Amino acid sequence: MSAVPGAGERRYTKKDFTSDQDVRWCPGCGDYAILAQLQKLMPDLGIAKENIVFISGIGCSSRFPYYMDTYGFHTIHGRAPAIATGLKLARPELSVWVVTGDGDALSIGGNHLIHALRRNVDVKILLFNNKVYGLTKGQYSPTSDVGQRTKSSPSGVVSPPFSPPALALGSSATFVARAVDTEVQHLQQMIRRMAEHPGAALLEIYQNCPVFNDGAFAPLKDRDTKQDEVLMLEDGEKLVYGREREKILKLDPDRLVLVPGRVGDENGAIEIVHREDAESTMLAALLSEHPRPGFPTPIGVFRSVERPVFERETLAQGEAAVAAGGAGQLEELIYAGDRWRVSSS
Amino acid sequence: MSSTGPGANSGKIEEVESIVIRFAGDSGDGMQLTGTELTRAVALSGNDIATFPDFPAEIRAPAGTTYGVSGFQLQFSSSEIFTPGDAAGVLITMNPAALRTNLSTLEPGGLLIVDSGAFKKRNLQLSGYEVSPLEDDSLSGYQLIPVDMTRAVTVALKGSGLSPGDVQRCRNFFALGLVFWLYGRDEKREVESIRAKFRARPEVAEANVKAFKAGHAYGETTEAFKSRYHVPAADLEPGEYRNVTGNEALATGLVAAALLADRRMVYASYPITPASDILHYLAAHQRYPVTTFQAEDEIAAVTAAIGASFGGAIGVTGTSGPGFALKQEGVGLAVMAELPLVLIDVQRGGPSTGLPTKPEQGDLLQAIFGRNSESPVAVIAPARPSECFDMAIEAVRLATQHMCPVVLLSDNTLANGAEPWRLPEISDLAPIEPGFRTDAETFAPYLRDPDTLARPWAPPGTPGFEHRIGGLEKQDVTGDVSYDPANHGHMNAMRAAKIAKIADRLPPVDVYGDAEGDLLLVGFGGTYGALRQAAQSLRGEGHRVGHAQLRYLNPLQSDIDEVLRRYRRVLIPELNPGQLRMLLRARTLLDLEGLNKVDGTPFMVREVVEAARRLIGPAAAKELRA
Ligand code: SF4
């Protein structure tokens, strides 16, 4: 657990984290469930409320900070990770959360997202993915599926979508996970994991937008289909799924792809064990590829490794310089270099 | 010329008031280093100085080409000077391309030293000479002194073990040695300086020292020079001095501001010419409470600075015009969130990528108006390189005490130009008190200070102050999101009034020269020297002239209207088509005149003097004298 000044004797309830603002999402929006989980989980984290900051960009999800009774900053489109980076450089002890969406994080703010992950800034990024632009009323987003019909793609989207975990892994992210808005137990577990992770953490949350892209994740939620459609990633476990846990993803060593099959069947592919802390991102990357028909969608932690944290490393350089040479003073700053004196004549 | 002995020159030393010297060579010839070394040496011996590094955007354009030529002009003087000089009295060129591109900067009859060894066929072709100018009489209007530096360093560095290419790279120190001899400068101190500079590569250090000494010795033995020259120390204000460029002074001012505010500063920046040196300087000052962050882009740089300010640090970002354009949405957020932000814009030639290494002042309107809707910020501009120190502190003071973005407009002439800086007494530097709010009972995010209209700065970490801010319009006092028309009108007025109120604390406009009369020269930023020197010479002619270089551009100082009305005519020279003039005309409804130049070069003193004369006429001067 990262060293955030704690709540001490104070005990919080969900109410302590609920602001007095009316929540203004559409009825049935997946954002409600996520907000509720956050408010419920926060008291358990033992972090002093005044040391928690929620930062967002622009979009439906980005209204989030207004509803949390913590410090909050609703900023501009796509820039939340950069604002959070600046905040962490100033105040490394704070617990800083970024709330963003697929358009905010992956389109206009793509550059900031990948660099915050690459640097391993200690921020927790909740990426609400509803595969559509909600606040601007229904255009396709960088996670929309090929063929998805939206207001700005009446004949269907032609470009392939981003897989956020794949992008995060490609950015050397140290914690990458995925959850589903309505799977609240699992969602809460994932949020807790990211809170405890020292460094940058990205959690993609599949979030239903009943207004512009209703049912986008229905097969993953539907009781009849979900066990065949979801692969629950478990550290140290094989990639087994299915109603009877009769299905398995294995690695085809010749083609270097994952292939679905039945447990026990010989198909030339090899069984692999999921390791969150694997040194190489290769298997995680295979898992994070955009879900294809006939493949289950992996949910859970793709990767969790420890690496030095950006702001701490940065500040440590300054601390080391001070330890070696003493804290800089005005006098030596100004009276530096080659100087000469002019006396009054 | 008479020789006083075998192999020696006349030994005559002439005393002169000032010298303008210009070095020009390939970008790889080390002209900037040579110029900087000479600058340091003459500054240390007490001359007043002003420099103008004039280099191309390419790091090393193909050798021998005209577009790869890099120049460095220095004026040093025994009296107070304000510019690097309109024309050079001495030009040192390292190859034909440098001669071709720089000859126009040499005054008629000036001393022209060329490395004749570089005037080979290929170099001549590359620079478009059909015949060597050393061999026809095209240079007869100058005192031409050809010196085969190419050969001289080859001889001097025989057996040094350096490659022929590295040997030739020492030519600049040969030239420097010759100049040191010509102006009687301290040779020993320079040798030490070269050794210190190249400490990491002793063999190169020694080669440069040898080349330098060979250049000096060449001066001793040649009979080509009629005389040596001595520029006595200047009569500067008593005190301790160091030589400083604008970028250095600005960065030093930022560090000082962090110390004076007893707050950490986060300087977030993306590399861009000509602002990057500020980042380098700050990154090298790790013992001070300044954290540097090289962001992934300009937008990240400004927003990270805002994030730092939200956290209670002093958020600063630095850039140049194109980067400023990218940052503008972020600046708007700081306006709305009413957080301190210092944005440094070291202006360069534009539009678009423009002329990255050339001076221009085209960002004034971008600074004041370059955002969506009504988005007022404070804008200030230092006038001299050394003043960048004071204005950096002023920017931090204004931003933290008025809770607003402050744009500090520097420019290429200030940033790279150098001058002696009279060092301030530490005790004269007033602390900066940001005034954080600590009383949870009365806290409200947009409850304003009645004097400044600033909202409280309440960074995370204070129990009971949990609140949300953001880019959406806020209800005054509570800070809740508000779509109420009356509130929006009120908040727009508040944001404007908050900036306007800064004028209450500003000093009166600083006017040099006559307090009223024929003409007032008004400018901002790095044109200071040309305007000041012009005002001085116009006054010498008998005109009654004042000069005001405005340090505060938004808000303007309260007495500006009155000051402008005290003169018969007002001339506003700017390196843009008239941005300041437009603002001042709109404010005062006076018919102010402009002198405008947008060609990537600084004003010559004579350009300003001539424009002024055209405006006020020579007759006026006669009348006044009568
Ligand atoms: S538009 Fe969609 S995502 Fe936005 S609030 Fe409404 S339901 Fe939620």
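Conventions and cut-offs
Residues numbered from 1 in each chain as written. Chains lettered and ligands numbered in written order. Predicted model: local features only at pLDDT ≥ 70, side-chain atom pairs only at ≥ 80, totals over all residues. Heavy atoms only, no water. Helix = DSSP H or I, 4+ residues; strand = E, 2+ residues; numbered from the N terminus. Buried < 20%, exposed > 50% of the residue type's maximum accessible area, 1.4 Å probe, protein only. Contact = heavy atoms within 4.5 Å. Areas by Shrake-Rupley, 256 points an atom, 1.4 Å probe, with all protein chains shown as cover. Lys, Arg positive; Asp, Glu negative; His and termini not counted. Charge placed at Lys NZ, Arg CZ, Asp CG, Glu CD. Buried area = accessible area lost by both parts, 1.4 Å probe. Salt bridge = Lys/Arg side-chain N within 4 Å of Asp/Glu carboxyl O. Polar contact = N/O pair within 3.5 Å; in protein donor to acceptor, adjacent residues only side chain to side chain. 1 Å grid on protein atoms, 1.4 Å probe; cavity = no way out; pocket = protein on both sides within 12 Å on 5 of 7 lines; lining within 4 Å. Points joined across faces, edges and corners; volume = space filled by probe spheres on them. Patch = residues over 30% accessible without salt bridge, like charges linked within 9 Å, V, L, I, M, F, W, Y side chains within 5 Å. Nonpolar A, V, L, I, M, F, W, Y, C, P; charged D, E, K, R; others polar. Domains from an automatic or database assignment. Pairing = 2+ DSSP bridges. Axes fitted to C-alpha atoms, helices over the stretch in contact; angles between N-to-C directions. Core = buried A, V, L, I, M, F, W, Y, C linked by side-chain atoms within 4.5 Å.

A short note on the overall build of chain A
Part 1 of the reasoning: When you go through chain A residue by residue, the secondary structure sums to 12 helices and 13 strands.
Part 2 of the reasoning: Here the C-alpha coordinates of chain A stretch approximately 95 × 50 × 50 Å along the principal axes.
Part 3 of the reasoning: Residue burial in chain A is summarised as follows: out of 345 residues, 57% are buried.
Part 4 of the reasoning: Long-range contacts, defined as pairs at least 24 residues apart, comprise 66% of the intrachain contacts of chain A with a sequence gap of at least 6.
Part 5 of the reasoning: For chain A, the computed accessible surface area is about 14,400 Å², with 50% contributed by carbon and sulfur atoms.

A short note on the overall build of chain B
Part 1 of the reasoning: The helix and strand tally for chain B stands at 20 helices and 23 strands.
Part 2 of the reasoning: If one aligns the C-alpha atoms of chain B with their principal axes, the spans along those axes are about 90 × 65 × 45 Å.
Part 3 of the reasoning: Scored against the burial criterion, the 626 residues of chain B give a buried share of 62%.
Part 4 of the reasoning: Of the contacts formed within chain B by residues at least 6 apart in sequence, a portion of 77% connects residues at least 24 apart.
Part 5 of the reasoning: Of the roughly 22,900 Å² of accessible surface on chain B, 51% is carried by carbon and sulfur atoms.
Part 6 of the reasoning: With 60 positive and 75 negative side-chain charges, chain B shows a spacing of 3 Å between the two charge centroids.

Considering the interface of chain A and chain B
Part 1 of the reasoning: The interface of chain A with chain B comprises 61 residues on the first partner and 73 residues on the second.
Part 2 of the reasoning: Of the roughly 5,400 Å² buried at the junction of chain A and chain B (both faces included), carbon and sulfur atoms supply 62%.
Part 3 of the reasoning: Looking at the side of chain A facing chain B, the largest losses of area belong to Tyr-71, Leu-333 and Trp-340 of chain A, adding up to 16% of the total buried there.
Part 4 of the reasoning: In this assembly, chain A and chain B are joined by six salt bridges.
Part 5 of the reasoning: A salt bridge links Arg-119 of chain A to Glu-296 of chain B; the nearest nitrogen and oxygen atoms lie 2.8 Å apart.
Part 6 of the reasoning: Between chain A and chain B we count 32 residue pairs in polar contact (both at pLDDT 80 or more) in total.
Part 7 of the reasoning: Those elements that place two or more of their residues in the side of chain A that touches chain B are helix 2 (64-67), strand 2 (71-74), helix 3 (80-90), helix 5 (110-119), helix 11 (310-325), helix 12 (330-334) and strand 13 (339-342) of chain A.
Part 8 of the reasoning: Sort the elements by how many residues they give to the side of chain A that touches chain B and helix 11 of chain A lands first, with eight residues.

Points about empty space enclosed by the protein
All names here are of chain A.
Part 1 of the reasoning: In the structure shown here, the tally under the stated rule is five cavities of 30 Å³ or more.
Part 2 of the reasoning: In this structure, the largest cavity occupies an estimated 110 Å³ of space.
Part 3 of the reasoning: Every residue along the wall of the largest cavity is listed here: Leu-249, Val-257, Leu-258, Leu-286, Leu-287, Glu-289, His-290, Pro-291, Arg-292, Phe-295, Pro-296 and Pro-298.

Section: a negative patch on the surface
Part 1 of the reasoning: Taken together, the side chains of Glu-234, Asp-235, Glu-237 and Asp-277 of chain A make up a negatively charged region of the molecular surface.
Part 2 of the reasoning: Assignment of secondary structure puts Asp-235 of chain A in the loop between strand 7 (230-232) and strand 8 (240-241).

Quick notes on the layout of surface pockets
All names here are of chain B.
Part 1 of the reasoning: Within this model, the second largest pocket holds a volume of roughly 860 Å³.
Part 2 of the reasoning: If you list the elements that add at least two residues to the lining of the second largest pocket, you get strand 3 (48-54), strand 4 (69-77), helix 2 (96-102), helix 15 (412-416), strand 16 (418-422) and helix 17 (528-540).
Part 3 of the reasoning: Here the lining of the second largest pocket is composed, by residue class, of 20 nonpolar, 18 polar and nine charged.

Some points on the domain arrangement of chain B
All names here are of chain B.
Part 1 of the reasoning: By domain assignment, chain B separates into domain 1 (8-230), domain 2 (242-428), domain 3 (440-504) and domain 4 (511-625).
Part 2 of the reasoning: Each partner contributes to the interface: domain 1 provides 17 residues, whereas domain 2 provides 12 residues.
Part 3 of the reasoning: The largest contributions to the domain 1 side of the interface with domain 2 come from Ile-49, Thr-51 and Phe-55, which together make up 39% of the buried area.
Part 4 of the reasoning: Where domain 1 meets domain 2, there are one salt bridge.
Part 5 of the reasoning: Between Lys-358 and Asp-54 there is a salt bridge, with the nearest N and O atoms lying 2.6 Å from each other.
Part 6 of the reasoning: Connecting domain 1 to domain 2 are three residue pairs in polar contact (both at pLDDT 80 or more).
Part 7 of the reasoning: Looking at the side of domain 1 that touches domain 2, the elements that each hand over two or more residues are helix 1 (31-44) and strand 3.

Remarks on a nonpolar patch on the surface
Part 1 of the reasoning: Residues Leu-256, Met-282 and Leu-283 of chain A make up a contiguous nonpolar surface patch of about 240 Å² in total accessible area.
Part 2 of the reasoning: As for its position among the elements, Leu-256 of chain A is in the loop between strand 9 (247-252) and strand 10 (257-262).

Some details on the environment of Ala-493 of chain B
Part 1 of the reasoning: By secondary structure assignment, the location of Ala-493 of chain B is in helix 16 (residues 485-500).
Part 2 of the reasoning: Separated by 119 residues in sequence, Ala-493 of chain B and Glu-374 of chain B have C-alpha atoms that sit 9.5 Å apart.

Overview of the sheet that holds strand 6 (residues 201-206) of chain A
Working definition: the strands of a sheet are paired by backbone hydrogen bonds and lie parallel or antiparallel to each other.
Part 1 of the reasoning: Here nine strands make up an open sheet; going across it, the order is 7(A)-12(A)-5(A)-6(A)-4(A)-3(A)-1(A)-2(A)-17(B) and the pairing mixed. Edge positions in the sheet fall to strand 7 of chain A together with strand 17 (468-470) of chain B, since each has one partner strand and no second. Taken pair by pair, the neighbouring strands of this sheet meet at an average axis angle of 20°, ignoring direction.
Part 2 of the reasoning: Examined bridge by bridge, strand 5 (residues 175-180) of chain A and strand 12 (residues 297-304) of chain A share four bridges and lie antiparallel to one another. Along strand 12 of chain A, the bridge assignment pairs Phe-175 of chain A with Ser-304 of chain A.
Part 3 of the reasoning: On the sheet, helix 7 (residues 184-196) of chain A packs against strand 3 (95-101), strand 4 (123-129), strand 5, strand 6, strand 7 and strand 12 of chain A and is oriented at approximately 160° with respect to strand 5 of chain A.

A closer look at the nonpolar core
Part 1 of the reasoning: Phe-73 of chain A together with Leu-550 and Leu-584 of chain B are the most contacted members of the largest nonpolar core, which has 102 residues in total.
Part 2 of the reasoning: By residue number, the principal contributor to this core is helix 11 (residues 298-310) of chain B, which donates eight residues.
Part 3 of the reasoning: Residues in contact with Leu-550 of chain B, not counting those within four places in the same chain, are Ala-381, Val-509, Val-522, Gly-523, Phe-524, Leu-556, Gln-557, Ile-560, Leu-580 and Leu-584 of chain B.
Part 4 of the reasoning: Core analysis: the next-biggest nonpolar cluster, separate from the first, contains 55 residues, Val-153, Leu-162, Ile-194 and Ala-234 of chain B among them.

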